[in-house]
Amino acid sequence: MTAPIPVVWSDVHRRHVPSAEIWLGVRTPAVELPARADAIRAELERAGHPVVPATAHPDAALAAVHDPALLEFLAGAWQAWEAAGLPDDPGQAEVIPYFFAHPGLLGTIEPALPAATWARTGRFAFDTMTPIGPGTWEAARAGANAALTACELVLGGAPSAYACCRPPGHHVTRSAYGGSCYLNNAAIAAARLRAAVGGAVALLDVDAHHGNGAQAIFYDRADVVTGSLHVDPAAGWFPHFLGFAHEEGEGAGRGANRNLPLAPGSGDDAWVAAVRELAWWAAGLEPRALVIALGVDAAAGDPESPLRVTADGFRAAGHALGALGLPTVIVQEGGYDLATIGGLVRAALEGVTAGRQESMDG
Ligand code: SP5
Ligand code: ZN
C-alpha cells in the first residue's frame, strides 16, 4: 500500500483575483480564480492526501529559467501602476498592456525598457488576458515556492509530490508572461530537479493548451526533455502560433521536444493514446526524474477547451506517466470547471500512484 501523494499548498494563491480577461478588447469573465485551487484541495483532502505547506525558496531558483528583468517587472508592476495613477486615469485597476515589443516591430534592435509604466508591460506580456493586480506577484511567487517544495519532497525520497500551484505557469517563457500565467512553476521545478539528479529530466504537459513556456525555455537543451499534447493550435486554440508537431527542438536540443496536437473533440481514446505515446517517447531519452504539468482543462465540460476527456482518461494518463517509475513532481496548470476539477486531479494522482506501483511490482 503506497502512501497518498502529498499536496503542497499555500493560502497566498487567494491574493490573486483577476477581475476580468480582456479578450478581443472586451472584458470577459475571469476563469482563473481562487475557487479553483480551493476546490482541488478540498477534494484531495477528502481523499486522504496529506497537505504540506509550501516553504520559502530563493529567487535564484526562479532565475534558473526566467530573465531577471521579467522577475523584477512582475515583482513591482502593480505598485508602479498604482503609483502612476492609472487606476484613476484612465481607470484601469490592473496592469494590462496596450503596445507590444513584437519581433516584427523591432527587427534586430533590442527593445528598450520603457520608463513609462503604461508602456513597460508590453515588453513582458504577450497577451491582454493576464492582468496583474495587488496580490498577483505574491500569489505567483508562492506558487513557485510550492513547486520547489514538491521538488524537495521528491529529492528527499518521496516517490512523488503534487504542487497545487495557482496561478498556473506553463505559458511563461524565459522573458514573457501570458495565458493566465506569471511564473513557469513546472519549468522551475524541472530546472531544480535537473540540478540535483545526475541526468536528464522530462517535463510532460497534459494541459489542454500547448506548454509553450517550457518548450521555449529548454528548446536548445537535451537535458530537459519537453513534451506536450494539446488541442491543435491550427484549429483556433491558444497559443495559436506554437505547438505544432514540427517543433522538435534545435541545436543540442534537437529531438528533445515533442508536440502532439489533437483535433477538437478528441476524447479518452485519442487523448490517452497520445499521453502513452509521449511517455514512451520520453522514456527513450532516459530521464532520471519527471515533472508533469497537470492541467485538467482537457476535460469534457471544461469551458476553455474542446477536448472531451473523462476522469477515467485522467486516471489512465496518470497511470502511463507513473509507470515510468521516476521521481515525479506534479504541478497544477489549467482546469476551469469548478464542479469537476477536484475529482479530475484526484483521478490523475490515483493513476500516478497505481502506475508507479505497477512499475515497482513488474
Ligand atoms: C493555464 C491555461 O490553461 N491557460 C489557458 C489560457 C488560454 N486562454 C485563452 C482564452 C481564449 C479566449 N476564450 C474566450 C473566453 C473569454 N473568457
Ligand atoms: Zn490550459
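Quick note: structure is the one above.
A brief report on the enclosed structure follows. (Residues numbered from 1 in each chain as written. Chains lettered and ligands numbered in written order. Predicted model: local features only at pLDDT ≥ 70, side-chain atom pairs only at ≥ 80, totals over all residues. Heavy atoms only, no water.)

Of regular secondary structure, the chain possesses 11 helices and 10 strands. Over its C-alpha atoms the chain spans a radius of gyration of 19 Å, differing by no more than 12% from the 21 Å that the globule rule assigns to 362 residues. Taking the principal axes of its C-alpha atoms as reference, the chain extends roughly 65 × 45 × 40 Å. A separation of at least 24 residues holds for 78% of the contacts in the chain among residues at least 6 apart in sequence. Each charge class in the chain was averaged separately, 22 positive and 38 negative side chains, and the resulting centres sit 5 Å apart. (Helix = DSSP H or I, 4+ residues; strand = E, 2+ residues; numbered from the N terminus. Rg over C-alpha atoms; globule rule 2.2 N^0.38 Å. Contact = heavy atoms within 4.5 Å. Lys, Arg positive; Asp, Glu negative; His and termini not counted. Charge placed at Lys NZ, Arg CZ, Asp CG, Glu CD.)

Attention now goes to the site of ligand 1. What surrounds ligand 1 is a group of 17 residues, the closest being W23, T28, G179, D297 and Y336. Backbone polar atom of G179 to a nitrogen atom of ligand 1: 3.1 Å apart, as the coordinates give it. Between an oxygen atom of ligand 1 and a side-chain N or O atom of D297, the distance comes to 3.0 Å. Here ligand 1, which alone exposes 510 Å², has 84% of that area covered by the protein. Taken together, the residues of the shell around ligand 1 sort by class into seven nonpolar, six polar and four charged. (Near = heavy atom within 4 Å. Polar contact = N/O pair within 3.5 Å; in protein donor to acceptor, adjacent residues only side chain to side chain. Areas by Shrake-Rupley, 256 points an atom, 1.4 Å probe, with all protein chains shown as cover. Nonpolar A, V, L, I, M, F, W, Y, C, P; charged D, E, K, R; others polar.)

The coordination sphere of the zinc ion (ligand 2) contains the protein donors D207 (OD), H209 (ND1) and D297 (OD), at a distance range of 2.0 to 2.1 Å. Its four donor atoms give the zinc ion (ligand 2) angles of 97 to 136° at the centre, a pattern that matches the irregular case. (Donors = N, O, S within 2.8 Å, 3.2 Å for Na, K, Ca; no water. Tetrahedral: all angles 85-135°; square planar, octahedral: opposite > 155°, others 65-115°.)

Once that is clear, we can look at the side chain of N259. Counting through the fold element by element, N259 comes out in strand β8 (residues 257-262). The contacts of N259, once residues within four sequence positions are left out, are H210, Q215, S228, H230, G243, F244, A245 and E247.

Within the fold, A158 resides in the loop between α6 (136-155) and β5 (160-163). Residue A158 is classed as partly exposed on the basis of its relative accessible area of 22%. Taking the C-alpha atoms as reference points, A158 and P29, 129 residues apart in sequence, are found 39 Å from one another. (Buried < 20%, exposed > 50% of the residue type's maximum accessible area, 1.4 Å probe, protein only.)

It is worth spelling out helix α1 (residues 34-46) at this point. Along its 13 residues, α1 runs 19 Å from first to last C-alpha, staying within 8% of the 18 Å computed at 1.5 Å per residue. Residues P34, R36, A37, I40, E43 and L44 constitute the buried set of α1. Once α1 finishes, G48 follows within two positions and takes phi at roughly 95°, a positive value. (Expected span 1.5 Å × (residues − 1).)

Moving on: the sheet that holds strand β7 (residues 224-231). The strand order across the open sheet formed by eight strands is β4-β1-β5-β10-β9-β6-β7-β8, and the pairing between neighbours is parallel. In this open sheet, the two strands that pair with only one neighbour each are β4 (51-53) and β8. Pairwise comparison of adjacent strand axes, ignoring direction, gives a mean angle of 20° for this sheet. Where strand β1 (residues 7-9) meets β5, two bridges bridge the pair, whose relative direction is parallel. (Pairing = 2+ DSSP bridges. Axes fitted to C-alpha atoms, helices over the stretch in contact; angles between N-to-C directions.)

A side chain of one charge can pair with a side chain of the opposite charge when the charged atoms of the two come close. Evaluated as defined, the whole model comprises 15 salt bridges. R46 is the partner of E43 in a salt bridge, and the nearest nitrogen-oxygen pair spans 2.9 Å. Remark: R46 and E43 occur in helix α1; sequence separation between them is three residues, near one turn of the helix. Take R46: its relative accessible area is 62%, and that puts it in the exposed class. Of the charged contacts in the structure, one is a salt bridge between E152 and R192, with a shortest N-O distance of 3.1 Å. One end of the pair, E152, is in helix α6; the other, R192, is in helix α7 (residues 185-196), with 40 residues separating them in the sequence. Residue R192 is classed as partly exposed on the basis of its relative accessible area of 27%. Taken together, the shared-partner salt bridges connect E43, R46, D312, R315, R346 and E350 into one network. (Salt bridge = Lys/Arg side-chain N within 4 Å of Asp/Glu carboxyl O.)

With their axes 11 Å apart at the nearest point, helix α3 (residues 68-83) and helix α5 (residues 117-124) run at an angle of 150° to one another. On the basis of their axis angle, the class for α3 and α5 is roughly antiparallel. Crossing hand, α3 versus α5: left-handed. Residues A69, L70, F73, A80 and W81 of α3 touch α5, and the partners they reach there are T117, W118, R120, T121 and F124. When grouped by side-chain class, the residues that make up the contact of α3 with α5 number seven nonpolar, two polar and one charged. (Parallel < 35°, antiparallel > 145°, perpendicular 65-115°, else oblique. Left-handed = near helix turned anticlockwise from the far one by under 90°.)

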